[in-house]
Amino acid sequence: MNDQENCFICRKHQGLEVFPGGAVFENDLFYSGHSWSASDQETPYLGSFIVEPKRHIPTWAELNDAEAKGIGKVIRDVSKALKEGIGAEHVYVFVIGHHIPHLHVWVMPRFPDTPREYWGLELFEWPERPVGGHKDVKEMSDKIRSLIG
Ligand SMILES: [Zn+2]
């Protein structure tokens, strides 16, 4: 198997891995859905969506022109849906990419009354962060999908 065959993001795009909620947006170039790691048994931060190019590329630097132009619109649409649909007071957009060499952009809401010390990447450490199981993730994905249209 090569890197792409081992890549769970590529496998998800091919329908070989199924995650709660499914895609909230998908076209020839991009896929967006709620975060859910194949190996991670923890429930995810509720409302944390990810935008990925379909091509197996590691970073922003490898985006082609069409991808570079298009990805901003997808991130904008998800961000707008998080603000208007589920009450995010702020939306973080970030890439870490330590674990999987397939670009995935986190688009993550911060809800009102989040303590200041847990803003930013500290959201993942907040003991009272909103988390959700399959049902919650599916409901939230349905809502975001309907807003993106
Ligand atoms: Zn991949």
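Residues numbered from 1 in each chain as written. Predicted model: local features only at pLDDT ≥ 70, side-chain atom pairs only at ≥ 80, totals over all residues. Heavy atoms only, no water.

(A) Layout of the packing of aromatic side chains. Tallied over the full model, the rule gives 6 aromatic pairs. Centroid distance Phe8 to Phe19: 5.7 Å. Interplanar angle 45°. Geometry classified as tilted. Remark: Phe19 occurs in the loop between helix H2 (8-13) and strand S1 (23-26) and Phe8 occurs in helix H2; sequence separation between them is 11 residues. Of the residues examined, Phe19 reaches a relative accessible area of 11% and is grouped as buried. Taken together through their ring pairs, the aromatic side chains of Phe94, Trp106 and Phe124 make up a single cluster. Across the ring face of Phe19, the terminal group of Lys12 is positioned such that the distance to the ring centre comes to 5.4 Å. Here Arg110 stacks its cationic end above the ring of Trp119, 3.5 Å away from the centre of that ring. (Phe/Tyr/Trp six-rings, centres within 6.5 Å; stacked < 30°, edge-to-face > 60°. Helix = DSSP H or I, 4+ residues; strand = E, 2+ residues; numbered from the N terminus. Buried < 20%, exposed > 50% of the residue type's maximum accessible area, 1.4 Å probe, protein only. Lys NZ or Arg CZ within 6 Å of the ring centre and 35° of its normal.)

(B) How the structure looks around the sheet that holds strand S5 (residues 105-110). Sheet architecture is open: 5 strands sit in the order S1-S2-S3-S5-S4, paired in antiparallel fashion. Edge positions in the sheet fall to S1 and strand S4 (90-94), since each of these pairs with one other strand and no more. The average angle at which neighbouring strand axes cross in this sheet is 15°, direction not considered. By the bridge criterion, 5 bridges tie S4 to S5 in an arrangement that is antiparallel. Counted as the bridge partner of Tyr92 is Met108 from S5. In this fold helix H3 (residues 65-86) packs onto S1, strand S2 (30-34), strand S3 (49-53), S4 and S5, with an angle of close to 20° to the strand it touches most, S5. Its contacts with the sheet place helix H4 (residues 134-148) against S1, S2 and S3, and it is angled at close to 35° to S1. (Pairing = 2+ DSSP bridges. Axes fitted to C-alpha atoms, helices over the stretch in contact; angles between N-to-C directions. Contact = heavy atoms within 4.5 Å.)

(C) Local environment of H4. Spanning 15 residues, H4 covers 21 Å between terminal C-alpha atoms, matching the ideal 21 Å at 1.5 Å per step. Considered for burial, the residues of H4 that qualify are Val137, Met140, Ser141, Ile144 and Ile148. Considered in projection along H4, the buried side chains sweep an arc of 105° and stay on one side of the axis. Residues of H4 that are exposed and point more than 90 degrees away from the buried face comprise Lys135 and Ser146. On its buried face, H4 is in contact with S1, S2, S3 and H3. Of the residues one or two after H4, Gly149 is the one with positive phi, at around 70°. (Expected span 1.5 Å × (residues − 1). Arc of directions from axis to C-beta.)

(D) View of the environment of His56. Turning to its location among the elements, His56 is positioned in the loop between S3 and H3. The residues contacting His56, other than those within four sequence positions of it, are Asp3, Gln4, Cys7, Cys10, Pro101 and His102.

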